[in-house]
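Listed below, chain by chain, are the residues.
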Amino acid sequence: GQQLNQSPQSMFIQEGEDVSMNCTSSSIFNTWLWYKQDPGEGPVLLIALYKAGELTSNGRLTAQFGITRKDSFLNISASIPSDVGIYFCAGLEGGYQKVTFGTGTKLQVIP
Amino acid sequence: NAGVTQTPKFRVLKTGQSMTLLCAQDMNHEYMYWYRQDPGMGLRLIHYSVGEGTTAKGEVPDGYNVSRLKKQNFLLGLESAAPSQTSVYFCASSLAGGTGELFFGEGSRLTVL
């Protein structure tokens, strides 16, 4: 089945640094989403993007819907310890009810 | 307000045994999903349902069956468990397709020996 490729797979950063991660697909999506999973919990939606080229912010998080509709990017500014977790991108194809998830980026923040 | 509740949270099975995971949601959501999470593989869709009495296959449906007899419940069954089904299983629900906003349960960790 189709999966979205995320990079990097994991990253260690110093508290206060900015973080960038991206997600690519071989298929076009009409909606891109970013979820965060805390240890021992289910994923929670952070940002949803509905239009190609769209740039959306949620506090220190900023995400972009790639112009080709085959990729998306997430930036976290001034990281803090509670940013630790796994970040998943997800895509929704037009006309379908299925949400396809990426392979995840594991973020560790060093205080 | 419970949201999405999964039972059991943990289970150990022997190869060949059967079991059922129960997912219950109290948000009156139409759509429900079962995913499995494995290291390095992300979340992969097993089966999903777009309404009471309906089910559909996802990416990795083999070895699993599902039922949606009531709108609030979505059951995932393993008829004959295999070690390859050792995983963390997540149930999710959404109001309707087209937004991609899923609400997840806390997960069920299954180990098959």
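See the structure above.
Since the structure is predicted, the reported quantities are computational estimates derived from the model, not experimental observations.

## A few points about the interface of chain A and chain B
Listed by partner, the interface residues are 24 residues for chain A and 23 residues for chain B. A combined buried area of about 1800 Å² lies between chain A and chain B, and 55% of that area is made up of carbon and sulfur atoms. Per-residue buried area on chain A facing chain B is highest for Gln 97, Lys 98 and Phe 101 of chain A; these three make up 28% of the total on that side. Our count for the chain A to chain B interface comes out at 0 salt bridges. At the boundary of chain A and chain B, one finds 4 residue pairs in polar contact (both at pLDDT 80 or more). Broken down by secondary-structure element, the contributors of at least two residues to the side of chain A that touches chain B are strand 4 (31–37), strand 9 (85–92) and strand 10 (99–101) of chain A. Ranked by residues supplied to the side of chain A that touches chain B, first place goes to strand 4 of chain A with 4 residues.

## Some words on the environment of Glu 52 of chain B
Residues and elements named next belong to chain B. Note that Glu 52 resides in the loop between strand 5 (42–49) and strand 6 (56–57). Overall, the relative accessible area of 51% leaves Glu 52 in the exposed class. Sequence separation between Glu 52 and Phe 74 is 22 residues; the distance between their C-alpha atoms is 9.0 Å. At a separation of 3.3 Å, a polar atom in the side chain of Glu 52 contacts the main-chain amide nitrogen of Lys 71.

## Regarding the packing of aromatic side chains
Applying the stated criterion to the full structure yields 11 aromatic pairs over all chains. On the basis of an interplanar angle of 85° and a centroid distance of 5.2 Å, the ring pair of Phe 101 of chain A and Tyr 35 of chain B is categorised as edge-to-face. Taken together, the residues span two chains, with Phe 101 of chain A in strand 10 and Tyr 35 of chain B in strand 4 (residues 31–38). Given a relative accessible area of 0%, Phe 101 of chain A falls into the buried group. Under the relative-accessibility criterion, Tyr 35 of chain B is labelled buried at 0%. With centroids separated by 5.8 Å and ring planes inclined at 65°, the aromatic side chains of Tyr 64 of chain B and Tyr 89 of chain B adopt a geometry described as edge-to-face. Taken together, the residues span a long stretch of sequence, with Tyr 64 of chain B in the loop between strand 6 and strand 7 (65–67) and Tyr 89 of chain B in strand 9 (residues 87–94) at a distance of 25 residues. For Tyr 64 of chain B, a relative accessible area of 9% puts it in the buried group. Here the aromatic residues Tyr 35, Phe 88 and Phe 101 of chain A together with Tyr 33, Tyr 35, Tyr 48, Phe 90 and Phe 104 of chain B are joined through ring pairs into a cluster of three or more.

## Notes on the pairing of strand 4 of chain B
The two faces of the sheet receive side chains in turn, since in a regular strand these alternate between them. All names here are of chain B. The element strand 4 is largely enclosed, with a buried count of 8 among its 8 residues. Here strand 4 shows a buried face lined by Tyr 31, Tyr 33, Tyr 35 and Gln 37 and a second buried face lined by Met 32, Trp 34, Arg 36 and Asp 38. Taken together, the 7 bridges between strand 4 and strand 9 define a ladder with antiparallel strand orientation. Bridging across to strand 9, Gln 37 finds its partner in Val 88. Sheet topology note: the strand 4/strand 5 ladder contains 7 bridges and is antiparallel. Bridging across to strand 5, Met 32 finds its partner in Ser 49.

## Here's the deal with the pairing of strand 7 (residues 61–65) of chain A
Residue and element names in this part refer to chain A. By the alternation rule, side chains of strand 7 split into Leu 61, Ala 63 and Phe 65, which are all buried, and Thr 62 and Gln 64, of which none is buried. By the bridge criterion, 4 bridges tie strand 6 (residues 55–58) to strand 7 in an arrangement that is antiparallel. Bridge pairing links Thr 56 to Ala 63 in strand 7. Between strand 6 and strand 7, which pair antiparallel in sequence order, lie 2 residues; one of them, Gly 59, sits at a positive phi of approximately 65°. Here 5 bridges tie strand 7 to strand 8 (residues 71–76), and the two strands are oriented antiparallel to one another. The partner of Thr 62 across the bridge, within strand 8, is Asn 75. Here strand 7 folds back onto strand 8 in antiparallel fashion, the turn holding 5 residues, of which Arg 69 has a positive phi close to 70°.

Calculation criteria
Residues numbered from 1 in each chain as written. Chains lettered and ligands numbered in written order. Predicted model: local features only at pLDDT ≥ 70, side-chain atom pairs only at ≥ 80, totals over all residues. Heavy atoms only, no water. Contact = heavy atoms within 4.5 Å. Buried area = accessible area lost by both parts, 1.4 Å probe. Salt bridge = Lys/Arg side-chain N within 4 Å of Asp/Glu carboxyl O. Polar contact = N/O pair within 3.5 Å; in protein donor to acceptor, adjacent residues only side chain to side chain. Helix = DSSP H or I, 4+ residues; strand = E, 2+ residues; numbered from the N terminus. Buried < 20%, exposed > 50% of the residue type's maximum accessible area, 1.4 Å probe, protein only. Phe/Tyr/Trp six-rings, centres within 6.5 Å; stacked < 30°, edge-to-face > 60°. Pairing = 2+ DSSP bridges.

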